[in-house]
Amino acid sequence: ICMLYFMFIISQYYSISRFDGSSSVDMQVTGQVGDFIGGVVGTVWAFSTVIFLYVSLKIQGNEIIEQNIRWEKQRIEDIYFKLIDNYNSITFVQPPGERARPLLNLTISMKEVLMRKNSIEEYKQASKDEIFFPYQDGAVWRISKSLLFIVKFLYQSGREEVLISHLEATLPVYEKSLLFYYLLAKLYNFNGLPREKYLKSGLVQDADISYDVLRAFAPDLFEPLNPADQ
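The structure contained in this document is the topic of the report that follows. Note that the coordinates shown come from a computational prediction; the quantities given were computed from them, not determined experimentally.

Scoring rules and cut-offs
- Residues numbered from 1 in each chain as written.
- Predicted model: local features only at pLDDT ≥ 70, side-chain atom pairs only at ≥ 80, totals over all residues.
- Heavy atoms only, no water.
- Helix = DSSP H or I, 4+ residues; strand = E, 2+ residues; numbered from the N terminus.
- Buried < 20%, exposed > 50% of the residue type's maximum accessible area, 1.4 Å probe, protein only.
- Contact = heavy atoms within 4.5 Å.
- Areas by Shrake-Rupley, 256 points an atom, 1.4 Å probe, with all protein chains shown as cover.
- Axes fitted to C-alpha atoms, helices over the stretch in contact; angles between N-to-C directions.
- Parallel < 35°, antiparallel > 145°, perpendicular 65-115°, else oblique.
- Left-handed = near helix turned anticlockwise from the far one by under 90°.
- Phe/Tyr/Trp six-rings, centres within 6.5 Å; stacked < 30°, edge-to-face > 60°.
- Lys NZ or Arg CZ within 6 Å of the ring centre and 35° of its normal.
- Core = buried A, V, L, I, M, F, W, Y, C linked by side-chain atoms within 4.5 Å.
- Patch = residues over 30% accessible without salt bridge, like charges linked within 9 Å, V, L, I, M, F, W, Y side chains within 5 Å.
- Salt bridge = Lys/Arg side-chain N within 4 Å of Asp/Glu carboxyl O.
- Expected span 1.5 Å × (residues − 1).
- Polar contact = N/O pair within 3.5 Å; in protein donor to acceptor, adjacent residues only side chain to side chain.

1. Digging into the overall build of the chain
When you go through the chain residue by residue, the secondary structure sums to ten helices and zero strands. Tracing the chain from N to C terminus, the helices and strands come up as α-α-α-α-α-α-α-α-α-α. Scored against the burial criterion, the 230 residues of the chain give a buried share of 31%. Contacts spanning at least 24 positions in sequence make up 66% of the contacts within the chain whose residues lie at least 6 apart. Split by element, the accessible area of the chain, about 14800 Å² in all, is 59% carbon and sulfur.

2. Regarding the packing of helix H3 (residues 100-114) against helix H7 (residues 173-185)
Interaxial distance between H3 and H7 falls to 9 Å at its minimum, and their mutual angle equals 55°. Here H7 runs oblique to H3, going by the angle between their axes. Crossing geometry of H3 relative to H7 is assigned as left-handed. Mapping the contact onto sequence places Ala-100, Leu-103, Leu-104, Leu-106, Thr-107, Met-110, Lys-111 and Leu-114 in H3 and Tyr-174, Glu-175, Ser-177, Leu-178, Tyr-181 and Leu-184 in H7.

3. Notes on the packing of aromatic side chains
Considering all chains together, one arrives at two aromatic pairs under this definition. Both rings, one in Tyr-80 and one in Phe-81, keep their centres 4.9 Å apart while their planes meet at 65°; by these two values the pair is edge-to-face. On the basis of relative accessibility, which here comes to 0%, the residue Tyr-80 falls in the buried class. Residue class for Phe-81 comes out partly exposed when judged on its relative accessible area of 37%. Look at Phe-180 and Tyr-181: their rings are 6.0 Å apart centre to centre, the planes differ by 65°, and that puts the pair in the edge-to-face class. Accessibility classification places Phe-180 together with Tyr-181 in one group, the buried group. Over the ring of Tyr-87 we find Arg-99, and its NZ or CZ is 4.5 Å from the ring centre.

4. Let's talk about the nonpolar core
Leu-167, Phe-180 and Tyr-198 are the most contacted members of the largest nonpolar core, which totals 47 residues. Among the elements that take part in this core, helix H5 (residues 139-157) stands out by supplying ten residues, more than any other.

5. Describing a nonpolar patch on the surface
There is a patch of nonpolar side chains on the surface, built from Phe-47, Ile-51, Phe-52, Tyr-54, Val-55 and Ile-59 and spanning about 640 Å² of accessible area. Note on placement: Phe-52 falls in helix H2 (residues 27-88).

6. As for H5
Taking 1.5 Å as the rise per residue, H5 with 19 residues should run 27 Å; its terminal C-alpha atoms sit 27 Å apart, in good agreement. Along H5, the positions that sit buried rather than exposed are Ala-139, Val-140, Ile-143, Ser-144, Leu-147, Leu-148, Ile-150, Val-151, Phe-153, Leu-154, Tyr-155 and Ser-157. Taken from the residues just after H5, Gly-158 is the one with a positive phi, measuring 85°.

7. Brief notes about the side chain of Ser-157
Inspection of the secondary structure assignment puts Ser-157 in helix H5. Accessibility expressed as a relative area gives 17% for Ser-157, which makes it buried. A distance of 2.8 Å separates a polar side-chain atom of Ser-157 from the backbone oxygen of Leu-154.

8. A few points about the environment of Leu-148
Tracing the backbone shows Leu-148 in helix H5. The buried category is assigned to Leu-148, whose relative accessible area is 9%. Excluding anything up to four places from it in sequence, Leu-148 contacts Leu-179, Tyr-182, Leu-183 and Leu-193.

9. Things to note about the environment of Gln-94
Topologically, Gln-94 is positioned in the loop between H2 and H3. For the pair Gln-94 and Ala-139, spaced 45 residues apart in the sequence, the C-alpha separation amounts to 9.4 Å.

10. Looking at the pattern of salt bridges
Tallied over the full model, the rule gives six salt bridges. Linking Arg-101 and Glu-98 is a salt bridge whose minimum nitrogen-to-oxygen distance equals 3.5 Å. For Arg-101, a relative accessible area of 45% gives the class partly exposed. A salt bridge links Glu-196 to Lys-200, with the nearest nitrogen and oxygen atoms 3.0 Å apart. Note that Glu-196 and Lys-200 are positioned in helix H8 (residues 195-200) at a spacing of four residues, about one turn of the helix. Exposure remark for Glu-196: the relative accessible area of 44% places this residue in the partly exposed category.

Below, the structure is given as structure tokens:
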């Protein structure tokens, strides 16, 4: 635009003819015009090159950032599914190779025991007595510990929204219950596990846990009952 405007001005007000009245061209004058055009074009081109270089580097930087984000997401997903594979491979020595039936029976028993208790301390003591002593091979402890590690990893990974939903959808009800009982027995020491998010997630809401136990354990997360509901 600047060059077109300059050429228009030259055509209107600037003459490259000699002043002696002849029609010949004054080469010295044309040289001045050429020098001016060359200087302007060179400067504009150099400036535009810097702008294009900056834009190119900016685009490349954004692509690298997006690529790193995608790579990090993929890395977290790979770790998560490897942890799930290792977690699912834990079985009991006695009965050999079993997993579902003993855990299901244990969580049902835990629920029945806890429903007969009256305080948070009794809940915790019952959890300790009921979970950690019946099985000599420690499978319950290893399963509970591994599951807690997976949940903590997801909450700290930045991918919790997607992967926690996957875990909620695939984890059996009795294993969700087992995680809650494990935390109960460990005095609810989260160590990086967000308490409110966990208690409001499907990891708890979908578990087979007595409402009275859950409410006694986390009263701040429950609205007071209306008189009509009591």
